[in-house]
Amino acid sequence: MKEKVVECFRQIHLKNKRLNALISQTDSQMLLDQIGNKNGRLRGIPIVVKDNFATAEFKTTCASKILSAYYSPIESTAVRKIKEEGGLIIGKANMDEFGMGSFNTNSFYGPSLNPVDPLRVCGGSSGGSAAAVAAGFCAVAIGSDTGGSVRLPASYCGIYGFKPSYGSISRYGLIPYAHSLDTVGILSKDLNIICDVFDVLKGKDELDPTSIVSKERKEILEIENLRIGVPQEYHVDGISDAVLRVWSQTLEKLEKRGAKIVPVSIPSTSQALSAYYIIAPAEAYSNLAKYDGIRYGFKANGDNYKDSLFKTRTEGFGNEVKKRIMIGAYVLKSLEKSRFYVAAQKVRKQVQDDFDRVFQAVNPLTGAKYENSPQIDFLLTPSALDVAPTLEMTKSKDWNPYINDVFTVPASLAGLPAISMNGGNENGLPIGIQLVGQYGNDLNVLEFAKLLSQ
Ligand SMILES: NC(=O)C[C@H](N)C(=O)O
């Protein structure tokens, strides 16, 4: 057990300067001393936590200047549970500021790079978490996923990235970006560890009213009885040949093993991304209003309250965060609200309904029968449009940073459990495949991922 932890610190020592995956880290001796005193289901497992989870020992920065010296008075439920079960928190991971980004390039601490090829980005916003796992800094990392923040970096770094059903893990102490979407996620090279950590973290928490008790029972899945849906609308412009190849090879393998591959339709796919980039900024606008230089963190001095507020927020937030605050304010303006925010909520409802219809014969809310539901067990899609881009590519004027969330955002809008796992490679660069299940079917999504990995 000790050797594993020592090895993690050795890797951190060797590689973190280059990869910039960790914002803070603990003292190795102190952590090693703790092993002996601890018991529990995660005993001795080295764990990295994204820097938007409140922790007692480390500062909690959200990779933002505005929180760069912030120590939280509370500890998040996820971190508390990990510690109670003997998990060892090695450090806090780099991320896109407040979770806003897909490449970990929007961090006050600079980009985190991809251990597979450090000229490339590791994805975001839980980029440091994915890089820490891929580089061997820890056995498992905790991230958060609002629209793909766990699955996209997992895809780029060639590891597993699990986003459970909305509400299945308490978010108490996870600094909010967009409440109706934020979900705690788990990243690792080892699916069994993901299952163990999920088992520890899941469940109702009185401190998070959105957390739920799952009634799900793990089923014994047999590939030959599974119906796997392939959404036809996911053949979007911009998807690379390599991703198409890995996607169809994975489906072929499943078909050979006896699964039934079923083409399905999720008609709202083309609008889901736009809806997400209205709803998430609208919620962020409200969530980030509290950073005024008085209650939290960084404060810039001004001539009066208004001037100081203006300077604090201008200097304290990075450009992407400011952009989203402005978009959020705009889409909620009374004159624009129905054109943007309300329209986006209608699309979100449509996305949820589209998913319900492919999974089940009856609408779970109204009880009405769906015409021709294909009644699939899981959806299988790509996780990203392509392999990880180089850092240079993300700086180009023509680069569209939002389009890459096209495959991950729909499951987020519907709150569904989804996992990204490595499906193949192109010139040594990982390509992720995403499995999506029905709401509440977290354990079965993990089971299916295990079957597919065999
Ligand atoms: N937070 C996320 O899940 C990532 C998404 N790309 C966003 O910027 O909102």
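Residues take numbers from 1 onward in each chain, read along the sequence in its written order. Only residues with pLDDT of at least 70 get local features here, since the model is predicted, and only at 80 or more are side-chain atom pairs given and counted; chain-wide, interface and lining totals rely on the full set of residues. Computation of side-chain values: all heavy atoms of the structure, hydrogens and water removed.

Concerning the packing of aromatic side chains
No. 1: Side-chain rings of Phe, Tyr and Trp, where Trp is taken by its six-membered ring, are said to pair if the distance between their centres is within 6.5 Å; with planes under 30 degrees apart they count as stacked, over 60 as edge-to-face, and otherwise as tilted. Using the criterion set out here, one finds 14 aromatic pairs in the structure.
No. 2: A centroid spacing of 4.6 Å and a plane angle of 15 degrees characterise the contact between Phe-378 and Phe-448, whose relative ring orientation is stacked. Within this pair, whereas Phe-378 is found in strand 11 (residues 378–382), its partner Phe-448 is found in helix 14 (residues 442–453), the two being separated by 70 residues in sequence.
No. 3: Every member of this aromatic cluster is reached through a ring pair, and the members are Tyr-70, Phe-98, Tyr-291, Tyr-296 and Phe-317. Going along the chain from the N terminus, every DSSP run of H or I of four or more residues is numbered as a helix, and every run of E of two or more is numbered as a strand.

Description of the site of the ligand
No. 1: In the vicinity of the ligand lie 14 residues, with Gly-147, Ser-149, Tyr-177, Tyr-276 and Asp-405 positioned nearest.
No. 2: One nitrogen or oxygen atom from the main chain of Gly-99 is found 2.7 Å from a nitrogen atom belonging to the ligand.
No. 3: Any pair of N or O atoms that falls within 3.5 Å is considered a polar contact. Within protein, one atom must be able to donate a hydrogen and the other to accept it, and sequence-neighbouring residues count only if both atoms are side-chain atoms. Tyr-276 is positioned with one of its side-chain polar atoms (N or O) 2.5 Å from an oxygen atom of the ligand.
No. 4: Within the complex, 100% of the 270 Å² of free accessible area of the ligand lies under protein.
No. 5: Residue polarity is assigned by list, with Asp, Glu, Lys and Arg as charged and Ala, Val, Leu, Ile, Met, Phe, Trp, Tyr, Cys and Pro as nonpolar; anything else, Gly included, falls into the polar class. Taken together, the residues that form the shell around the ligand break down as four nonpolar, eight polar and two charged. Only heavy atoms are used to decide nearness, and a residue is near a molecule or strand if one of them lies within 4 Å of it. For the area figures, the Shrake-Rupley method with a 1.4 Å probe applies, and any residue is considered shielded solely by the protein chains shown.

As for the sheet that holds strand 2 (residues 46–50)
No. 1: Pairing is mixed across the open sheet formed by eleven strands, whose spatial order is 1-3-2-6-8-7-12-13-11-9-10. Of all strands in the sheet, those with a lone pairing partner are strand 1 (22–25) and strand 10 (260–264), marking the two edges. Neighbour to neighbour, the strand axes of the sheet diverge by 30 degrees on average, direction disregarded.
No. 2: A pair of strands is considered paired only if DSSP assigns at least 2 bridges between the two. Sheet topology places strand 11 next to strand 13 (residues 429–436); four bridges connect them, and they run antiparallel. Note on definitions: angles span 0 to 180 degrees between N-to-C directions of axes, and those axes are lines fitted to C-alpha atoms, for helices only across the stretch in contact.

Quick look at the nonpolar core
No. 1: In this text, buried Ala, Val, Leu, Ile, Met, Phe, Trp, Tyr and Cys residues form a nonpolar core when linked through side-chain atoms within 4.5 Å. When accessible area is computed with a 1.4 Å probe and restricted to protein chains, residues below 20% of their type maximum are described as buried, those above 50% as exposed, and intermediate ones as partly exposed. Core analysis: the largest hydrophobic core is formed by 109 residues, its most contacted members being Phe-98, Ile-228 and Leu-380.
No. 2: With 37 residues, the next largest nonpolar core counts Ala-21, Cys-138, Ala-154 and Tyr-156 among its residues.

Comments concerning the environment of Tyr-370
No. 1: Turning to its location among the elements, Tyr-370 is positioned in the loop between helix 11 (338–359) and strand 11.
No. 2: Note: C-alpha distance between Tyr-370 and Arg-357 (13 residues apart in sequence) is 6.3 Å.
No. 3: One polar contact links Tyr-370 to Asp-353, side chain to side chain, over a distance of 2.9 Å.
No. 4: A distance of 3.4 Å separates polar atoms of two side chains, one belonging to Tyr-370 and the other to Asn-363.

What about the UniProt feature "active site" (unreviewed entry) in the chain?
No. 1: UniProt positions are given in the numbering used here, feature names are shortened, and annotations may be inferred rather than shown by experiment. Mapped onto this numbering, the UniProt entry annotates "active site" (unreviewed entry) at Lys-50, Ser-125 and Ser-149. Spatially, the listed residues are clustered: although they cover 100 residues, their C-alpha atoms lie within 11.0 Å of one another.
No. 2: For Lys-50, the position within the fold is in strand 2.
No. 3: Pairs of residues are marked as contacts when any of their non-hydrogen atoms sit within 4.5 Å. Apart from the residues within four sequence positions on either side, Lys-50 is in contact with Lys-92, Ala-93, Met-95, Ser-125, Ser-126, Ser-129, Ile-142, Gly-143, Ser-144 and Ser-149.
No. 4: In this structure the side chain of Lys-50 is engaged in a polar contact, spanning 2.8 Å, whose partner is the side chain of Ser-125.

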